[in-house]
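Chains, contacts and geometry: an overview
The chain contents come next:
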Protein chains: 2
Amino acid sequence: MESFEYQAGTKVLFGKGQIEHLPEEIGKFGRKVLLCYGGGSIKRNGIYQQIYDLLKDCEIYELAGIAPNPRITSVKEGIALCKEHGIDVVLAVGGGSVIDCAKVVAAGVYYDGDPWKMVSENIQTENALPLVSVLTLAATGSEYDDGAVITNLDTNEKLGYGNPLTMPKVSILDPTYTYTVPAKQTAAGSIDIMSHLLEQYFGPDNTYLADQMLAGAIKTVIRYAPVAVKEPDNAQARGELMWTSSLACNGILSQGCAYGGWCCHAIEHELSAFYDVTHGVGLAIITPRWMRHILNEKSVGRFAQYGRDVCGITGLDDQETAEKAIDETEKFFASLGVPMTLRELGIGEEHFDEMAEHAGRGRLANAYVPLLKEDVKAILHDCL
Amino acid sequence: MESFEYQAGTKVLFGKGQIEHLPEEIGKFGRKVLLCYGGGSIKRNGIYQQIYDLLKDCEIYELAGIAPNPRITSVKEGIALCKEHGIDVVLAVGGGSVIDCAKVVAAGVYYDGDPWKMVSENIQTENALPLVSVLTLAATGSEYDDGAVITNLDTNEKLGYGNPLTMPKVSILDPTYTYTVPAKQTAAGSIDIMSHLLEQYFGPDNTYLADQMLAGAIKTVIRYAPVAVKEPDNAQARGELMWTSSLACNGILSQGCAYGGWCCHAIEHELSAFYDVTHGVGLAIITPRWMRHILNEKSVGRFAQYGRDVCGITGLDDQETAEKAIDETEKFFASLGVPMTLRELGIGEEHFDEMAEHAGRGRLANAYVPLLKEDVKAILHDCL
């Protein structure tokens, strides 16, 4: 069992109507607010107006139009707004892209150089503006962790940034806010949750406790994602998915385990950086191919355990169980209605070499089953 | 799914040698330290000296001799020491009893009245001294929650106290510190962990995610408690049990579930208040009898789920699965070598009436399967 340091101090307010606590929570930090949001869905579903009504005593500035795969350009815009107006608190209202962007804004205010340098070199700041999040999509878990992923379209890079100071102070998780999420995004978000769990499950040295909890969380996604896709206002499904998303990525389920490289995320970040694909869709395409690629004598036992504990497969030997489990995982993703090949996204092999070169920036050589450049290329070819 | 507010900001430092960070962590709060510990095992196993060596720049005062089922008299003594010496930070080194006592000391410094009144009426304070814990026994989870249980031998009361300000700022979890815990205490501690999980598992309205994670954590105890009892220096077993203990009681595994009354704890607290029995031993005796008492048409499905998901029972109908699962739970506790009847502890039925009257102080009427006074008496009789 590995040593670890763990701290996740976010105050989580979960349930219908928790937004009522927003004025009190924001008020702890000040009254000048930078409201960050995406393409405007919060205007259509009423959350935007609700927030203005609740924060009527605050001075609100806006960083709007934050894109899925949030751009460093948005980050720069946000930092400038904070500095110009002396912002006290950053309020992110949206999914993981909005919260990720808001995190890097919150830290970037305290970094004097180029924000892209801060991201790409993972530079830690002395301070960060307090961040409050209101979640509208169950997917990345950004509402309960200290990580962010930012894209630079100029350099075709999509990179992670981690800074404990950017952990949200408060996150409001109201599952009813996700009732209006379209089926496609519900599917992609659920696949992202599941991928976070799979990346931890397929690790080089897991604890028994972690395996059990991760398997349970994966089963929760498998059970409730199809329900949420079909019945967008199913309270149980939306609630289970939202809380699972928050626990899936903040490390609580896998403390004590050795780090496994998060291979699918590393490869998917290359796809998104070059083609701006939906993160969850990229993961759905990559994951089963990655699984087949790394299935070998050493890993077959773990895949068989996955097949038995998660997929409920019985009566087969390890190899058969492993293969069936991978097939079932692929079928599950497909059943949610997402594209399952790169060709469907109009992506060819033009950039595979470059993507394979960059993927994971070397860390995949130490993954659960190590991946070299040729492995990543082979996986990408299988995705065509 | 229930609404909830959740926050657990403790910094957990887990693993061998994490004690090295103690001076740095203590130093954040000051240099006047109240060192709280129990019967002296930390002197025998060297932790006491290690702490004095590490904190050589601190001024250390001692609250020693904190008993299992910690007494309000110790709390009062600790508060007096803090006030007399202007203590900056409370350092609890021990198991749950020591940490519980330290929590109530930390809050009690900011309460002007009788500390027993603060406990019995669960009075919230404006402030509390910062608390750092060094865990030496995997059991109560006090190192990662904001609750404490204090005993008043004058009034035969053992009561819970909860105050978010008493959540440890830092908890050092070094599994090697539990290598010297005797088999009996390892067994009792493991049963306490398992009971915390069972109290949550048998709830009136659980989420699927919670059921899965709780089942996984229960299986972890069933797998590793016997190993730790037999091989006290088994690193994997001690590590898994320690981290499971921390997660078992801080709510992370059952957020979104309705509260089920924690019946076995309520009844056991009466036993401990009257007879000062080891908490885990009392729970081992009570739990199977409570399970049999509440097994009925309404609860049989949940017991059957427990039998299948946790005990791995197959091929039987619900009623048979439920009964077998309860038998196996009882056998598991017995296999750890703890007494399984009250008679073995020299306890008769003299105080059953009074104990049943007090147990849970009314909350058991709203438990998963509601318990009235006569139910509690019947369960206690079955324990003889």
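Residues numbered from 1 in each chain as written. Chains lettered and ligands numbered in written order. Predicted model: local features only at pLDDT ≥ 70, side-chain atom pairs only at ≥ 80, totals over all residues. Heavy atoms only, no water.

**Some remarks on the interface of chain A and chain B**
Applicable threshold: In this analysis, two residues are considered to be in contact whenever any of their non-hydrogen atoms come within 4.5 Å of each other. The term buried area denotes the loss of accessible surface (1.4 Å probe radius) that occurs when two parts are joined, taken as the sum for both partners. Take a side-chain nitrogen of Lys or Arg and a carboxyl oxygen of Asp or Glu: if they are within 4 Å of each other, that pair is a salt bridge. Polar contacts here mean pairs of N or O atoms no more than 3.5 Å apart (in protein, one a potential hydrogen donor and the other a potential acceptor; neighbouring residues in sequence count only if both atoms are side-chain atoms). A helix here means a DSSP run of H or I that spans at least four residues, while a strand means a run of E at least two residues long, and both kinds are numbered starting from the N terminus. Amino acids outside the nonpolar list (Ala, Val, Leu, Ile, Met, Phe, Trp, Tyr, Cys, Pro) and the charged list (Asp, Glu, Lys, Arg) are all regarded as polar, and Gly is one of them. Following DSSP output, two strands are said to pair if at least two bridges run between them.
Taken residue by residue, the interface counts 38 residues in chain A and 38 residues in chain B. Both sides together, the interface formed by chain A and chain B hides about 3,400 Å², and carbon and sulfur atoms give 60% of it. Among the residues of chain A in contact with chain B, Met1, Tyr208 and Leu209 of chain A are the three that bury the most area, contributing 20% of the side total. Taken together, the connections running from chain A to chain B amount to two salt bridges. Between Lys11 of chain B and Glu5 of chain A there is a salt bridge whose closest N-O contact spans 4.0 Å. On the surface where chain A and chain B come into contact, there are 12 residue pairs in polar contact (both at pLDDT 80 or more). Of all the elements in the fold, those that place two or more residues in the side of chain A that touches chain B are β1 (4-14), α8 (208-230) and α9 (235-248) of chain A. Per element, the largest residue contribution to the side of chain A that touches chain B is 11 residues, and it comes from β1 of chain A. Considering only residue class, the side of chain A that touches chain B consists of 17 nonpolar, 14 polar and seven charged. As defined by bridge partners, β1 of chain A adjoins strand β1 (residues 4-14) of chain B across seven bridges and the pair is classed as antiparallel.

**Overview of the relation of the copies chain A and chain B**
To keep it simple, the criterion reads: Only residues with pLDDT of at least 70 in both copies contribute their C-alpha atoms to the least-squares superposition of the copies.
The transformation that overlays chain A on chain B combines an axial shift of 0.0 Å with a rotation of 180°, and the residual RMSD is 0.0 Å. Considering both components of the superposition, the chain copies are consistent with a two-fold axis. When C-alpha distances to the rotation axis are compared across chain A, the minimum falls at Gly9 of chain A, with a value of 1.9 Å. In this assembly, 100% of the residues forming the interface of chain A have copies in chain B that are likewise at the interface, indicating an isologous arrangement.

**What about the nonpolar core?**
For clarity, the threshold we go by: What we call a nonpolar core is a set of buried Ala, Val, Leu, Ile, Met, Phe, Trp, Tyr and Cys residues that are connected through their side-chain atoms within 4.5 Å. When a residue's accessible area, from a 1.4 Å probe over protein chains only, is under 20% of the maximum for its type it is buried; when over 50% it is exposed; and in between it is partly exposed.
Formed by 236 residues in total, the largest nonpolar core has its most connected members in Trp243, Trp290 and Tyr306 of chain A together with Trp243, Trp290 and Tyr306 of chain B. What Trp243 of chain A contacts, discounting residues up to four positions off in sequence, is Val12, Phe14, Tyr144 and Leu173 of chain A together with Met1, Phe4, Leu209, Ile252 and Gln255 of chain B.

**Some details on the UniProt feature "domain: Fe-containing alcohol dehydrogenase-like C-terminal" (unreviewed entry) in chain A**
Selection criterion: UniProt positions are given in the numbering used here, feature names are shortened, and annotations may be inferred rather than shown by experiment.
According to UniProt, the feature "domain: Fe-containing alcohol dehydrogenase-like C-terminal" (unreviewed entry) maps to residues 186-382 of chain A in the numbering used here. Secondary structure content for residues 186-382 of chain A is 64% helix and 0% strand, while the C-alpha to C-alpha distance between its ends is 26 Å.

**Thoughts on unusual backbone geometry**
All names here are of chain A. Although it is not a glycine, Asn156 sits at a positive phi angle of roughly 50°. Here Asn156 shows up in the loop between β6 (147-152) and β7 (157-162). Look at Asn156 and you get partly exposed, because its relative accessible area is 24%.

**Structural notes on helix α11 (residues 279-294) of chain A**
All names here are of chain A. Definition in use: What a helix is expected to span follows from its residue count: subtract one and scale by 1.5 Å. Each residue is assigned a bend, namely the angle between axes fitted to the seven residues that terminate at it and the seven residues that start at it.
Helix length check: α11, at 16 residues, gives a terminal C-alpha distance of 22 Å against a target of 22 Å (1.5 Å per residue), a fit within 8%. Ile286 marks where α11 bends most, by close to 30°; the proline Pro288 follows one to four residues later. Within α11, 14 of the 16 residues are buried, which leaves it mostly tucked inside the rest of the structure.

**What to know about the pairing of strand β4 (residues 89-94) of chain A**
Residue and element names in this part refer to chain A. Across the six residues that make up β4, a large majority, six, are buried. Where burial is concerned, the two faces of β4 agree: the one with Val89, Leu91 and Val93 and the one with Val90, Ala92 and Gly94 are both buried. In terms of strand pairing, strand β2 (residues 32-36) meets β4 through four bridges, oriented parallel. When the bridges of β4 are listed, Leu35 appears paired with Leu91. Pairing geometry for β4 and strand β5 (residues 131-135), over five bridges, is parallel. Directly across from Leu91, in β5, lies its bridge partner Val132.

**Side note on the side chain of Arg238 of chain B**
The topology assignment puts Arg238 of chain B in helix α9 (residues 235-248). Excluding its chain neighbours within four sequence positions, the residues that come into contact with Arg238 of chain B are Pro175, Thr178, Tyr179, Val181, Thr186, Ala228 and Pro232 of chain B.

**Things to note about the UniProt feature "domain: Alcohol dehydrogenase iron-type/glycerol dehydrogenase GldA" (unreviewed entry) in chain A**
The sites that UniProt annotates as "domain: Alcohol dehydrogenase iron-type/glycerol dehydrogenase GldA" (unreviewed entry) are residues 10-175 of chain A. End C-alpha to end C-alpha, residues 10-175 of chain A measures 18 Å, and it is 31% helix and 25% strand.

**Here's the deal with the environment of Cys263 of chain A**
Residue and element names in this part refer to chain A. Within the secondary structure, Cys263 sits in helix α10 (residues 263-275). Owing to a relative accessible area of 2%, Cys263 belongs among the buried residues under this scheme. For the pair Cys263 and Glu328, spaced 65 residues apart in sequence, the C-alpha separation works out to 20 Å.

**Quick look at the packing of aromatic side chains**
Residues and elements named next belong to chain A. Selection criterion: In summary, the pairing rule links any two rings of Phe, Tyr or Trp, Trp by its six-membered ring, whose centres are within 6.5 Å, and it sorts them by plane angle into stacked for under 30 degrees, edge-to-face for over 60 and tilted for everything else.
Taken as a whole and judged by the stated rule, the model has 26 aromatic pairs over all chains. For the ring pair Tyr37 and Tyr48, a centre distance of 5.5 Å and an interplane angle of 65° mean the geometry is edge-to-face. Of this pair, Tyr37 sits in the loop between β2 and α2 (41-44) while Tyr48 sits in helix α3 (residues 47-54); the two residues are 11 residues apart in sequence, bridging distant segments of the chain. Judged by its relative accessible area of 3%, Tyr37 falls in the buried class.

**Some words on the pattern of salt bridges**
Two side chains with opposite charge may pair up if their charged atoms get near one another. For the structure on display, the rule yields 35 salt bridges over all chains. Close ionic contact of Glu268 of chain A with Lys158 of chain A constitutes a salt bridge, the shortest N to O distance being 3.4 Å. With Glu268 of chain A in helix α10 and Lys158 of chain A in strand β7, this pair connects stretches of sequence that are 110 residues apart. The burial state of Glu268 of chain A is the same as that of Lys158 of chain A; both residues are buried. Notably, a salt bridge pairs Asp353 of chain B with Lys373 of chain B, separated by 3.3 Å at the nearest N-O pair. Of this pair, Asp353 of chain B sits in helix α14 (residues 352-358) while Lys373 of chain B sits in helix α15 (residues 373-382), and the two are 20 residues apart along the sequence.

**Some thoughts on the sheet that holds strand β5 (residues 131-135) of chain B**
Filter applied, for reference: All axes are obtained by fitting lines to C-alpha atoms, using only the stretch in contact for helices, and the reported angles, taken between N-to-C directions, cover 0 to 180 degrees.
Pairing in this open sheet of 12 strands is mixed, and the strands run β3(A)-β2(A)-β4(A)-β5(A)-β8(A)-β1(A)-β1(B)-β8(B)-β5(B)-β4(B)-β2(B)-β3(B) from one edge to the other. Since the sheet does not close on itself, it has two edges, and those belong to β3 (59-63) of chain A together with β3 (59-63) of chain B, each with one partner. Sheet twist, expressed as the average angle between the axes of neighbouring strands with direction ignored, equals 25°. Pairing geometry for β1 of chain A and strand β8 (residues 170-173) of chain A, over four bridges, is parallel. From the neighbouring strand, Lys11 of chain A faces β8 of chain A, where its bridge partner is Val170 of chain A.

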